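This is what each chain is made of:
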Amino acid sequence: DTDRDERGDRLMERDTTVVNTPIAKTFGWLHVNGTEIEAGGKAPEQQLEVPSGEDRTVVLEGPTEFKAELGAGSVLKLIQVRRGENDDAELNNIQVFCGDGAVFEWYRVILGGRETYDNCSVTLAGKGSRFEANIGYRLEDEDLLDINCEAIHTGKKTESLIRASGVLFDRSSKLLRGTIDLRRGCAGAVGNETEDVLLIDDTVRNRSVPVILCSEEDVVGNQEPA
């Protein structure tokens, strides 16, 4: 009994944090309203401002706390690769604000890794701005991938595409929350989500949570679930 009490005390003292909380919550029993993980060291912070009309390409390996603001007509391509050679948990948080006609493209490749948590939130505030997410993964053994990707449309005639594809082996697990939020004032906006998943073994676990929120009439939202 004493051993059990000590174990309980250690669990209560564990420092945890909740990551990848979606814009709109769903039924609690689905366990997709955020993920509680042990709090670790904070990822390196990076801030970037892309001036109007300029093009930038950024390639990153390893966890990051990334914030960017895109000026009118600018283009930012962010390429992130996890090769799975490091078993440490990897936590990424990406926040991007797009001005008029700006384009943000996120290329995320996960080739294994014990635990990977990605949050990508993009605000399409400028008229005609665009966001495209291209996510690819290959998970095996007991790899875990947990992603929250949000396209927040507030500007007119904005466009978004969340595209994911991957393969699951062994006892690996993947959770992808893709949210297209078409807010009031984004008339003419178009949002699309699509995903393809190949499940190799009976022991894998795949969860896909595509969500479209809409408070504007003249918009289009499309989903093509796994």
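This text follows the structure it describes.
Reading the values: the criteria
Sequence order as written defines residue numbering, which begins from 1 separately in each chain. Per-residue local features of the predicted model are confined to residues with pLDDT of at least 70, and side-chain atom pairs are confined, for both listing and counting, to 80 or more; whole-chain, interface and lining totals are unaffected and use all residues. Water and hydrogen atoms were dropped before computing side-chain values, which therefore reflect all heavy atoms in the structure. To define a nonpolar core, start from buried Ala, Val, Leu, Ile, Met, Phe, Trp, Tyr and Cys residues and group those joined through side-chain atoms within 4.5 Å. Between buried and exposed lies partly exposed: a residue is buried under 20% and exposed over 50% of the maximum accessible area for its type, with that area taken using a 1.4 Å probe on protein chains only. Labels follow the DSSP assignment, with helices taken as runs of H or I lasting at least four residues and strands as runs of E lasting at least two, numbered in each case from the N terminus. In what follows, a contact means two residues having at least one pair of non-hydrogen atoms within 4.5 Å. Geometry of aromatic contacts follows a simple scheme: Phe, Tyr and Trp rings, the Trp one being its six-membered ring, pair when their centres are within 6.5 Å, and the pair is stacked under 30 degrees between planes, edge-to-face over 60, tilted otherwise. By salt bridge we mean one thing: a side-chain nitrogen of Lys or Arg within 4 Å of a carboxyl oxygen of Asp or Glu. Here a strand pair is declared whenever DSSP counts at least two bridges between the two strands. Geometry is summarised by axes, namely lines fitted to C-alpha atoms with helices restricted to the contacting stretch, and by angles between N-to-C directions that run from 0 to 180 degrees.

Student: Before we move on, could you go through the nonpolar core and cite the residues and values that matter?
Tutor: Membership of the largest hydrophobic core comes to 38 residues, with the highest contact counts inside it found for Leu70, Leu76, Phe104, Trp106 and Phe131. At 5 residues, the largest contribution of residues to this core is made by strand 10 (residues 130-139). When residues no more than four places from it in sequence are discounted, the contact partners of Phe104 are Leu70, Leu76, Leu78, Ile94, Val96, Cys98, Cys120, Val122, Arg130, Phe131 and Glu132.

Student: How would you sum up the packing of aromatic side chains? Please name residues and give values.
Tutor: All told, the structure shown has 2 aromatic pairs when counted by the stated rule. Ring geometry for Phe27 against Trp29: centres 6.1 Å apart, planes inclined by 25°, an arrangement best described as stacked. We note that Phe27, like Trp29, is exposed. Geometrically, the ring pair formed by Phe104 and Phe131 is stacked, given 5.7 Å between the ring centres and 10° between the ring planes. In this pair, Phe104 sits in strand 8 (residues 103-110) while Phe131 sits in strand 10, placing the two residues 27 residues apart along the sequence. Given a relative accessible area of 1%, Phe131 falls into the buried group.

Student: Which residues make up the pattern of salt bridges, and what values go with them?
Tutor: Under the definition given, this model contains 13 salt bridges. The salt bridge partner of Arg114 is Glu115, with a shortest N-O separation of 2.5 Å. The structure contains a network of salt bridges with shared partners spanning Arg82, Glu90, Arg108 and Asp118.

Student: Can you lay out the sheet that holds strand 4 (residues 55-61) for me, pointing to particular residues and giving the numbers?
Tutor: Here 7 strands make up an open sheet; going across it, the order is 4-6-8-10-12-14-16 and the pairing parallel. A single partner strand is all that each edge strand has here, and the edge strands are strand 4 and strand 16 (220-224). When the angles between neighbouring strand axes are averaged without regard to direction, this sheet yields 5°.

Student: Outline the pairing of strand 7 (residues 90-98), listing residues and values.
Tutor: Summarising the sheet, strand 5 (residues 65-70) and strand 7 pair through 6 bridges and their orientation is parallel. Across the sheet, the residue bridging to Leu70 is Cys98, located in strand 7. Sheet analysis places strand 7 next to strand 9 (residues 115-124), joined by 9 bridges and oriented parallel. Paired with Glu90 across the strands is Thr116, a residue of strand 9.

Student: Now, about the sheet that holds strand 15 (residues 205-214): what can you tell me, with residues and values included?
Tutor: Read across the open sheet, the 7 strands follow the order 3-5-7-9-11-13-15; overall the sheet is parallel. Across the chains shown, the open sheet's two edge strands, defined by having one partner strand only, are strand 3 (45-50) and strand 15. The average undirected angle you get between the axes of adjacent strands in this sheet is 5°. Where strand 11 (residues 144-153) and strand 13 (residues 173-182) come together, 10 bridges link them in parallel fashion. Along strand 13, the bridge assignment pairs Cys149 with Gly178.

Student: How would you sum up the pairing of strand 13? Please name residues and give values.
Tutor: A large share of strand 13 lies buried, amounting to 10 of its 10 residues. Side chains of strand 13 alternate between two faces, with Ser173, Leu175, Arg177, Thr179 and Asp181 and Lys174, Leu176, Gly178, Ile180 and Leu182 buried alike. Where strand 13 and strand 15 come together, 10 bridges link them in parallel fashion. Bridge pairing in strand 15 places Asp181 opposite Leu213.

Everything listed is a geometric property; what it means functionally is a separate question.
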